[in-house]
Amino acid sequence: MPDAPNQPRLILASSSRYRRELLERLRIPFDVISPDIDETPLDGETPEATAIRLSIAKARAAAAQVSSNSGALVIGSDQVATCDGRQIGKPGTHEAARAQLQSMRGKNVEFHSALCVFDSRSEHIQSADVITRVKFRDLSDAEIEAYLLAEQPYDVAGSAKSEGLGIALVDAIHSDDPTALVGLPLIALSTMLRAAGVSLMGAV
């Protein structure tokens, strides 16, 4: 799809293939820049604050890699899961993923999917936190192990890929945006892009 006249360059500030695949659903051209930031939560920081802060930091870090002469809209996103008041991030290893799923079985888990659209032309920031509430099944150790071996979900918060076999781990999902749990809330993003002057579906 060719760039529309006067449309700003669109950049996805993410190394996640899941977010890239989601953004492709909107059928608008975009580039990808992988920001390098410290994703460690700050002391006393709420899950919502962590997710929003990191989504903005990712967008700003990616924008800094773009020529100041070429204005761009940069999309940043971050996801933080919480269970029993604890923040749960990406496990990174099989052992950590097993421990995460064991701690979440039979419980309600909140996923904070934060989104930022940063306009490098004006430095205007739009941000939102889309919450998804997930009730996990009371999984056996054998079910958890089988799932981890099949899916290897070590790069997603909470170790559960709802777009894949991970959907079998849950009893219910409650959210205003079904794409939020996968990592990029497209309903909120569409609203932000329109507000920033991006034409969707060829409409002016």
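Look above for the structure.
Caption draft 1: Examining the nonpolar core more closely. The biggest cluster of nonpolar side chains holds 25 residues, and the ones touching the most others in it are L23, I75, L184, L189 and L193. Elements with a minimum of two residues in this core: β1 (9–13), α1 (17–23), β3 (72–83), β5 (108–119) and α5 (186–195). With five residues, α5 is the largest single contributor of residues to this core. Not counting residues within four places of it along the chain, the set of residues in contact with L193 comprises L10, L26, I28, L73, V198 and L200.

Caption draft 2: Spotlight on the packing of helix α3 (residues 94–104) against helix α4 (residues 141–151). Where α3 meets α4, the axes come as close as 10 Å, and the angle between the chain directions of the two elements is 135°. Here α4 runs oblique to α3, going by the angle between their axes. In the crossing of α3 with α4, the sense of the turn from one axis to the other is right-handed. Where α3 abuts α4, its residues H94, A97, R98, L101 and Q102 lie against D141, I144, E145, Y147, L148 and L149. Along the lines of polarity and charge, the residues of the contact of α3 with α4 split into six nonpolar, two polar and three charged.

Caption draft 3: Layout of the environment of Q65. As for its position among the elements, Q65 is in the loop between α2 (47–63) and β3. Note: C-alpha distance between Q65 and I33 (32 residues apart in sequence) is 8.2 Å.

Caption draft 4: Local environment of the pattern of salt bridges. Counted by the stated rule, this structure contains 10 salt bridges. Between R137 and D171 there is a salt bridge, and its shortest N-O distance comes to 2.9 Å. Here R137, found in the loop between β6 (124–136) and α4, pairs with D171, found in strand β7 (residues 170–174); they are 34 residues apart in sequence, far enough to count as distant. Given a relative accessible area of 37%, R137 falls into the partly exposed group. Where salt bridges share partners, they join E39, K58 and D78 into one cluster.

Thresholds applied
- Residues numbered from 1 in each chain as written.
- Predicted model: local features only at pLDDT ≥ 70, side-chain atom pairs only at ≥ 80, totals over all residues.
- Heavy atoms only, no water.
- Core = buried A, V, L, I, M, F, W, Y, C linked by side-chain atoms within 4.5 Å.
- Buried < 20%, exposed > 50% of the residue type's maximum accessible area, 1.4 Å probe, protein only.
- Helix = DSSP H or I, 4+ residues; strand = E, 2+ residues; numbered from the N terminus.
- Contact = heavy atoms within 4.5 Å.
- Axes fitted to C-alpha atoms, helices over the stretch in contact; angles between N-to-C directions.
- Parallel < 35°, antiparallel > 145°, perpendicular 65-115°, else oblique.
- Left-handed = near helix turned anticlockwise from the far one by under 90°.
- Nonpolar A, V, L, I, M, F, W, Y, C, P; charged D, E, K, R; others polar.
- Salt bridge = Lys/Arg side-chain N within 4 Å of Asp/Glu carboxyl O.

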